[in-house]
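# Structure assessment
Okay, here's what each chain looks like letter by letter:
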Amino acid sequence: MGIDSESDIEANLQIGPTDKGMVRIYVEAGGTEIPMDFTPDDAEEIAEEIVAAANRARGMKTGGR
């Protein structure tokens, strides 16, 4: 499975600050928990990548529309 492949896996995503001044992205799926901590600068870079991907996705045509 690649990043372009659809998946039927459901996951929960939470994002928030930690008590150590980091930004945590927490993913839980199928009984697996993945906490990922980032510096605020790295978190902003990730946010910029998400926005860029959303903008690219908006520009794509979906089947039948």
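To start, this report covers the structure provided alongside it. These numbers come from a predicted model, not from an experiment.

Right, let's talk about the overall build of the chain for a bit. Looking only at helices and strands, the chain features 1 helix and 3 strands. Going from the N terminus to the C terminus, the chain shows its helices and strands as β-β-β-α. For the chain, the C-alpha radius of gyration of 15 Å lies well beyond 11 Å, the compact-globule estimate for 65 residues. Taking the principal axes of its C-alpha atoms as reference, the chain extends roughly 50 × 30 × 15 Å. Looking at the chain as a whole, 5% of its 65 residues are labelled buried. Summed over its atoms, the accessible surface of the chain is roughly 5900 Å², and 52% of this surface lies on carbon and sulfur atoms.

To continue, consider the pattern of salt bridges. Tallying each qualifying case throughout the model produces 1 salt bridge. A salt bridge links arginine 24 to aspartate 37; its shortest N-O distance comes to 2.6 Å. With arginine 24 in strand S2 (residues 23–29) and aspartate 37 in strand S3 (residues 32–38), this residue pair connects regions lying 13 residues apart in the sequence. Judged by its relative accessible area of 37%, aspartate 37 is partly exposed.

Here we take up the environment of alanine 47. You can see alanine 47 is positioned in helix H1 (residues 40–59). Sequence separation between alanine 47 and glycine 16 is 31 residues; the distance between their C-alpha atoms is 13 Å.

Cut-offs and rules
Residues numbered from 1 in each chain as written. Predicted model: local features only at pLDDT ≥ 70, side-chain atom pairs only at ≥ 80, totals over all residues. Heavy atoms only, no water. Helix = DSSP H or I, 4+ residues; strand = E, 2+ residues; numbered from the N terminus. Rg over C-alpha atoms; globule rule 2.2 N^0.38 Å. Buried < 20%, exposed > 50% of the residue type's maximum accessible area, 1.4 Å probe, protein only. Areas by Shrake-Rupley, 256 points an atom, 1.4 Å probe, with all protein chains shown as cover. Salt bridge = Lys/Arg side-chain N within 4 Å of Asp/Glu carboxyl O.

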